[in-house]
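Working through the structure, step by step
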Amino acid sequence: MSTPVIGVLALQGDVREHQIALAAADAVARPVRRPEELAEVDGLVIPGGESTTISKLAVLFGVMEPLRARVRNGMPVYGTCAGLIMLADKILDPRSGQETIGGIDMIVRRNAFGRQNESFEAAVDVKGVEGDPVEGVFIRAPWVESVGASAEVLAEHDGHIVAVRQGNALATSFHPELTGDHRVHGLFVDMVRASRTPESL
């Protein structure tokens, strides 16, 4: 099977780090800013940053509606930190004018773990990631207040949900791309590969 091509939404955030992690997980990584670039990828990573800014830039660049459509149609997508907020069907405390892509039946709280100076690292057991716990980097991180019946909780920290999957959508409150441990990206690349496998007749 050919190597999957995975985009990184390159409107804000640590795009380069995600591209490095995806390449280490045996995918071809490309920046995505416009609808025509989105149309050429098998899956997409939405990096951290500021969720309100990413939302407004996605609308400005004309990529918000095509992205919503592809996620609805089953394109694999992975959001970290602000990307998790972008994939939520509902934000508990949205900023004025803030939109989401949706795709995961969850309610999220922005900046739930505190501000920039309260950032921290913690070992997180992530369902579907074999071996030792993942080192989670939490930077102004959200958490998931609750999930619906369709969403699966993959990890919790300090009693709060920090990793969720629903179908082809994956989201983490933390930043695995900053650690040099590429197993979460490997999990996502496997999801993309599985989505490209023709179903048996």
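This text follows the structure it describes.
Residues numbered from 1 in each chain as written. Predicted model: local features only at pLDDT ≥ 70, side-chain atom pairs only at ≥ 80, totals over all residues. Heavy atoms only, no water.

1. Re unusual backbone geometry
Let me state the cut-off plainly: Numbering of helices and strands starts at the N terminus; helices are DSSP runs of H or I of at least 4 residues and strands are runs of E of at least 2. When accessible area is computed with a 1.4 Å probe and restricted to protein chains, residues below 20% of their type maximum are described as buried, those above 50% as exposed, and intermediate ones as partly exposed.
For D26, which is not a glycine, the phi torsion comes out positive at approximately 70°. Looking at the secondary structure, you find D26 in the loop between α1 (15-24) and β2 (28-32). Even without being glycine, R140 reaches a positive phi, approximately 45°. Mapping R140 onto the fold places it in the loop between β8 (134-138) and β9 (143-147). Given the relative accessible area of 27%, R140 is considered partly exposed.

2. Structural notes on the packing of α1 against helix α6 (residues 183-196)
Inclusion rule: Each axis is a line fitted through C-alpha atoms, and for a helix only the stretch in contact is used; angles between axes span 0 to 180 degrees, taken between their N-to-C directions. Relative orientations are named as follows: roughly parallel for angles under 35 degrees, roughly antiparallel for angles over 145 degrees, roughly perpendicular for angles from 65 to 115 degrees, and oblique for any other angle. Less than a right angle of anticlockwise turn of the near helix away from the far helix marks a crossing as left-handed, whereas a clockwise turn marks it as right-handed. Contacts are assigned to residue pairs with any non-hydrogen atoms lying within 4.5 Å of each other. Ten residues, namely Ala, Val, Leu, Ile, Met, Phe, Trp, Tyr, Cys and Pro, are considered nonpolar, four, namely Asp, Glu, Lys and Arg, are considered charged, and the remaining ones, Gly among them, are considered polar.
Relative to each other, α1 and α6 sit at 70°, their axes nearing to 9 Å. With respect to each other, α1 and α6 are oriented roughly perpendicular. Helix-helix and strand crossings are classified by hand; for α1 and α6 the assignment is right-handed. Along its contact with α1, which presents H18, A21 and L22, the element α6 presents H185, F188 and V189. Of the residues contributing to the contact of α1 with α6, the split by class is 4 nonpolar, 2 polar and no charged.

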